[in-house]
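Listed below are the residues making up each chain.
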Amino acid sequence: MGEIEEQAGWGFETLAIHAGQPADPSTGAVVTPISLSTTFAQSEVGVHQGYEYSRSGNPTRTAVEQQVAALEHAKHGLAFASGLAAEDNILRLLQPGQRILLGNDAYGGTFRLISKVWTPLGLDWTAVDLSDLDAVAASWPDDVGMVWLETPTNPLLTCFDIEAIAEMAHERDALVVVDNTFATPYLQQPITLGADIVVHSATKYLGGHSDVVGGFVAVDDDELAERIRFTQNAAGAVPSPFDCYLVLRGVKTLGVRMDRHCENARAIVDLLSGHRAVERVLYPQLPDHPGHEAAAKQMRDYGGMVSFTLKAGEAAARRVAASTELFTLAESLGAVESLIEHPGAMTHASAAGSPLEVPDNLVRLSVGIEHAADLVADLEQALDTAP
Ligand SMILES: *Cc1c(COP(=O)(O)O)cnc(C)c1O
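Residues numbered from 1 in each chain as written. Predicted model: local features only at pLDDT ≥ 70, side-chain atom pairs only at ≥ 80, totals over all residues. Heavy atoms only, no water.

Under an unreviewed UniProt entry, the name given to the protein is Cystathionine gamma-lyase, and the source organism is Ilumatobacter fluminis. Looking at the protein in UniProt, the text filed under Sequence similarities (unreviewed entry) is "Belongs to the trans-sulfuration enzymes family." (UniProt positions renumbered as here; feature names shortened; annotations may be inferred.)

Next comes the structure, spelled out in structure tokens:
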């Protein structure tokens, strides 16, 4: 990791292209090789060049771990087979009897992992409204070991003040985990705001091309990193070298992609704002958006995700989601192509009946980097199907 410290003076786009990616010393290859070898030669028993067995460590994985850690301003990066595998390894830091304070709008799979996998194993959780920190502090249970939040949240895009939450949690000896999947390190760097752990679904903006499932953890603290690295190896939910390569390659263009995602999202927000069929537009840049001030303070720009509700209810939301031609009706997000979905029946179906349930007239857009006017025209014709 020393290399990252030396490179700390570089700007974001430079780090994305060079951190962890020196030319290959054996061949001069400019592009990081995909190291498929599962095992590595030792010159004497226990003497090797840093790699023994690819579950424990792999050169392609090291490259992406150093690259994304540098972007998150973290000393340590750990790549996983999926975002949920990364989350699962973070939850292993807790002991049975400890509680997670979970922001009450979160990815459905995170809620399922905590409530259906870890609760039977002894962890507890409480869903809280992190926009009211006085209320959270006043009713703080004493068994809290971790505060887990997304900002912007999935799918309502609510934003929370990471710095204030970290301060509150640290006064009470709890770790702060920020799922930075929606913002990416280009827009927001939670470690610099006091978060202990950053987690990503690399499947989304980091990969950026809908062709790899991956997860990532960034931590600055050496001891926390060591504990997570232990379970990364001991539980073994590691990504393949090819998957590491795809994330590494995707991240090189993260900055330019995010700029275009944000620009296109603004064009979509302009269409939706004041449209006769639309009840409410959810986008962190809007001055009346929940958490707009926190977003303005801690984000470089407001991201490529846009959600909205329809006046005519669930049937209209489902019809609009099924009526676009350029926006593909599909789960997932964060890639070059635009996607549309109905969270209540799709990504967030597992939160039905829980405190994390989402409105049934909600539509979520992952605005891609196509030509903005084409996206606006496509959504406009789909909205015409709503009464
Ligand atoms: C997709 C997603 C996850 C889960 O990641 P996978 O790579 O699908 O396992 C976690 N958090 C957020 C915010 C997500 O969008």
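This is not the end of the story, as more comes after the structure.
The next thing to look at is the sheet that holds strand 1 (residues 76-80). Overall, mixed pairing links the 7 strands, which are arranged 1-7-6-5-4-2-3 in an open sheet. In this open sheet, the two strands that pair with only one neighbour each are strand 1 and strand 3 (124-128). Each strand axis lies, on average, 20° off the axis of its neighbour in the sheet, ignoring direction. Two strands pair when backbone bridges link them, and strand 4 (residues 144-150) and strand 5 (residues 175-179) are joined in this way by 5 bridges, in the parallel orientation. Paired with Leu149 across the bridge in strand 5 is Val178. (Pairing = 2+ DSSP bridges. Helix = DSSP H or I, 4+ residues; strand = E, 2+ residues; numbered from the N terminus. Axes fitted to C-alpha atoms, helices over the stretch in contact; angles between N-to-C directions.)

Every one of the 14 residues lining the ligand counts as a neighbour, but Gly83, Asp179, Ser201, Thr203 and Lys204 are closest to it. Within the contact set of the ligand, an oxygen atom lies 2.8 Å away from a side-chain nitrogen or oxygen of Ser201. For the ligand, whose unbound accessible area comes to 380 Å², protein coverage reaches 92%. Here the shell around the ligand gets 3 residues from one element, more than from any other, and that element is helix 4 (residues 83-91). A breakdown of the residues in the shell around the ligand according to their chemical character gives 4 nonpolar, 7 polar and 3 charged. (Near = heavy atom within 4 Å. Polar contact = N/O pair within 3.5 Å; in protein donor to acceptor, adjacent residues only side chain to side chain. Areas by Shrake-Rupley, 256 points an atom, 1.4 Å probe, with all protein chains shown as cover. Nonpolar A, V, L, I, M, F, W, Y, C, P; charged D, E, K, R; others polar.)

Their axes nearest at 8 Å, the elements helix 3 (residues 59-71) and helix 10 (residues 241-252) cross at an angle of 35°. Taken as a pair, helix 3 and helix 10 cross one another with a handedness that is left-handed. Across from Thr60, Arg61, Ala63, Val64, Gln67, Val68 and Leu71 in helix 3, the residues of helix 10 making contact are Pro241, Cys244, Tyr245, Val247, Leu248, Val251 and Lys252. Split by residue class, the contact of helix 3 with helix 10 holds 10 nonpolar, 2 polar and 2 charged. (Left-handed = near helix turned anticlockwise from the far one by under 90°. Contact = heavy atoms within 4.5 Å.)

A word on the pattern of salt bridges. Tallied over the entire structure, the rule returns 12 salt bridges. Put simply, Asp301 and Arg266 hold a salt bridge, and the shortest N to O gap is 2.9 Å. In this pair, Asp301 is assigned in the loop between helix 12 (292-298) and strand 9 (305-310) and Arg266 in helix 11 (residues 254-272), connecting sequence segments 35 residues apart. With a relative accessible area of 14%, Asp301 lands in the buried category. Within the structure, one salt-bridge network assembled from shared partners comprises Arg61, Glu65 and Arg229. (Salt bridge = Lys/Arg side-chain N within 4 Å of Asp/Glu carboxyl O. Buried < 20%, exposed > 50% of the residue type's maximum accessible area, 1.4 Å probe, protein only.)

Across the 5 residues of strand 5, 4 count as buried, placing the element largely inside the fold. Taken together, strand 4, helix 7 (residues 162-171) and strand 5 form a β-α-β motif whose crossover is right-handed. (Right-handed = clockwise from strand over helix to strand, strands pointing away.)

Take the environment of Leu94 next. For Leu94, the location among the structural elements is in the loop between helix 4 and strand 2 (99-103). On the basis of relative accessible area, Leu94 is assigned to the buried category, the value being 7%. Apart from the residues lying within four places of it in its own chain, the contact partners of Leu94 are Ile100, Leu123, Gly145 and Met146.

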